[in-house]
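So the chains spell out like this:
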Amino acid sequence: MEQFHETMSGATVTRMPVGPLLTNCYLVQSGTELMLVDPGMVWNRELEEVATVIESANARLRWIVCTHGHFDHISGVDTAMKRFPDATLLMDPLEVELARDPVANYATQMGSTFAMHAEPSPLIVGQEVPLGLITYRIATIRGHTPASSVLIAGDHAFVGDTLFAGSVGRAPNQKEFEQLLDGIRVTLMTLPPATRIFPGHGEPTSIGAELGANLWL
């Protein structure tokens, strides 16, 4: 499993592409606290490697956050919660409904019957998630899923499958695709141009880069 490290203001971010779709699972450390974002680990080898990274950090895993309920972003969440029972799982309630349905969360399309069993605490618009030296603000962008969560803190943001380098997420229909684009424009493209964007797949980007080159926006 590859690991990519970046230092942001008040936090270090480790990006770990996991699963058959190379979903970006992120481990964020700020001070003595950790946050795991989108635990899409599928294979035991990946689960163990991510757990080893967490356990070697000499910090406490405080949060596990799922940006949305699709299989490739939640497939390792039950195992992670069993391994780290003191962590709090955060997820939007609408996304929890998605995560519990193997057809709706696309697990069946991936040859799996996975449905999330863990019990999350609600993640809602405007909520603040403190982590060590920084605090994340929660926003919601609808369209790719009913209520995809975005975590914004200072100079960076975790955006799930809403915005990618040079592209945007998929949506079930044109109406929801327009919702997605509107949400990206209002929530993300108004952030400072230097803001680092950590997407659910592919390489990180910045708001400035997407303003200049993303044809969808």
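Computed from a predicted model, the values in this text were never measured in an experiment.

1. Some details on the UniProt feature "domain: Metallo-beta-lactamase" (unreviewed entry) in the protein
- In the numbering adopted here, UniProt assigns the feature "domain: Metallo-beta-lactamase" (unreviewed entry) to residues 22-201.
- Along residues 22-201 one finds 24% helix and 31% strand; the C-alpha atoms at either end are 7 Å apart.

2. Here's the deal with unusual backbone geometry
- Its identity is not glycine, yet Leu22 carries a phi of approximately 50°, on the positive side.
- Of note, Leu22 is situated in the loop between β2 (11-18) and β3 (23-30).
- If you check the backbone angles, Tyr106 has positive phi at about 75° while not being a glycine.
- Following the sequence through the fold, Tyr106 ends up in the loop between α4 (93-99) and β7 (121-122).
- Judged by relative accessible area, which is 30%, Tyr106 ranks as partly exposed.

3. Structural notes on helix α5 (residues 174-187)
- Look at α5: 20 Å from first C-alpha to last across 14 residues, which is about the 20 Å you get at 1.5 Å a residue.
- Among the residues of α5, Phe177, Leu180, Leu181, Gly183, Ile184 and Thr187 are the ones counted as buried. All buried residues of α5 project into a common sector of 160° when viewed along the axis, lining one side. Away from the buried face of α5 by more than 90 degrees, exposed residues Gln174, Lys175 and Val186 are located.
- Regarding α5, its N-cap is Asn173, as a side-chain oxygen of that residue lies 3.2 Å from the backbone nitrogen of Lys175 further along.

4. A short note on the sheet that holds strand β9 (residues 134-141)
- Strand order across the open sheet formed by six strands is β8-β9-β10-β11-β14-β15, with mixed pairing between neighbours. What marks the edges here is a single partner per strand, and that holds for β8 (128-131) and β15 (205-206).
- Direction of pairing for β8 relative to β9: antiparallel, over a ladder of four bridges. Among the inter-strand pairings, Leu131 is bridged to a residue of β9, identified as Ile134.
- Of the strands in this sheet, β9 and β10 (148-153) are in contact with α5, which crosses β9 at around 150°.

5. Re helix α1 (residues 44-55)
- Between its first and last C-alpha atoms α1 spans 16 Å; for 12 residues at 1.5 Å apiece the expected length is 16 Å, and the two agree.
- The complete set of buried residues in α1 reads Glu46, Leu47, Val50, Ala51, Val53 and Ile54. Each buried residue of α1 sits inside an arc of 155° when the element is viewed along its axis, so together they form one side.

6. Some details on the sheet that holds strand β6 (residues 88-91)
- The strand order β1-β2-β3-β4-β5-β6-β7 describes an open sheet built from seven strands, whose pairing is mixed. Every other strand in the sheet has two partners, leaving β1 (4-8) and β7 as the edge strands with one partner each.
- Of the strand pairs in this sheet, β2 and β3 are connected by seven bridges, and their pairing is antiparallel. Its bridge partner lying in β3, Thr12 is registered against Gln29.

7. Examining the pattern of salt bridges
- Summed over all chains, the structure comprises eight salt bridges.
- One salt bridge connects Arg15 with Glu203, and the closest N-O pair in it is separated by 3.3 Å. Residue Arg15 is found in strand β2, and its partner Glu203 is found in the loop between β14 (196-199) and β15; the two are separated by 188 residues along the sequence.
- For Glu33, the salt bridge is made with Arg60, and the minimal N-O distance between the two is 2.8 Å.

8. A few points about the packing of aromatic side chains
- Taken as a whole and assessed by the stated rule, the structure comprises six aromatic pairs.
- Here the aromatic cluster, defined as three or more aromatic residues joined through ring pairs, consists of Tyr26, Tyr136, Phe158 and Phe198.

9. So, the nonpolar core
- Counting 31 residues, the largest nonpolar core has Leu61, Ile64, Val77 and Met116 as its most contacted members.
- If one sorts the elements of this core by residue count, α1 sits on top with five residues.
- Apart from residues no more than four positions distant in its own chain, Ile64 is found in contact with Leu36, Pro39, Val77, Ala80, Met81, Ala87, Thr88, Leu89 and Leu90.
- Ranked by size, the runner-up nonpolar core spans 20 residues in total, among them Tyr26, Met35, Tyr136 and Phe158.

Rules and cut-offs
- The written sequence of each chain sets the order in which its residues are numbered from 1.
- Totals for whole chains, interfaces and linings use every residue, but because this is a predicted model, local features are given only for residues with pLDDT of at least 70 and side-chain atom pairs only at 80 or more, for both listing and counting.
- Think of the side-chain values as coming from all heavy atoms in the structure, minus any hydrogens and water.
- UniProt positions are given in the numbering used here, feature names are shortened, and annotations may be inferred rather than shown by experiment.
- Secondary structure counts use DSSP, requiring at least four H or I residues in a row for a helix and at least two E residues in a row for a strand, with both numbered from the N terminus.
- Only protein chains enter the accessibility calculation, which uses a 1.4 Å probe; a residue whose area is less than 20% of its type maximum is buried, one above 50% is exposed, and one in between is partly exposed.
- The span expected for a helix works out to 1.5 Å for each residue beyond the first.
- Working note: the arc is built from the helix axis to C-beta atom directions.
- Any pair of nitrogen or oxygen atoms within 3.5 Å is treated as a polar contact; in protein, a donor-acceptor pairing is required on top of that, and neighbouring residues in sequence qualify only through side-chain atoms on both sides.
- DSSP-based pairing: two strands are paired if at least 2 bridges between them are found.
- Any pair of residues with heavy atoms lying within 4.5 Å of one another is described as a contacting pair.
- Fitting a line to C-alpha atoms yields each axis, with helices limited to the stretch in contact; the angle taken between N-to-C directions then spans 0 to 180 degrees.
- By salt bridge we mean one thing: a side-chain nitrogen of Lys or Arg within 4 Å of a carboxyl oxygen of Asp or Glu.
- Aromatic rings from Phe, Tyr and Trp, taking only the six-membered ring of Trp, are treated as a pair when their centres fall within 6.5 Å; an angle between ring planes under 30 degrees marks them as stacked, one over 60 as edge-to-face, and anything in between as tilted.
- Residues belong to a common nonpolar core when they are buried Ala, Val, Leu, Ile, Met, Phe, Trp, Tyr or Cys residues joined through side-chain atoms within 4.5 Å.

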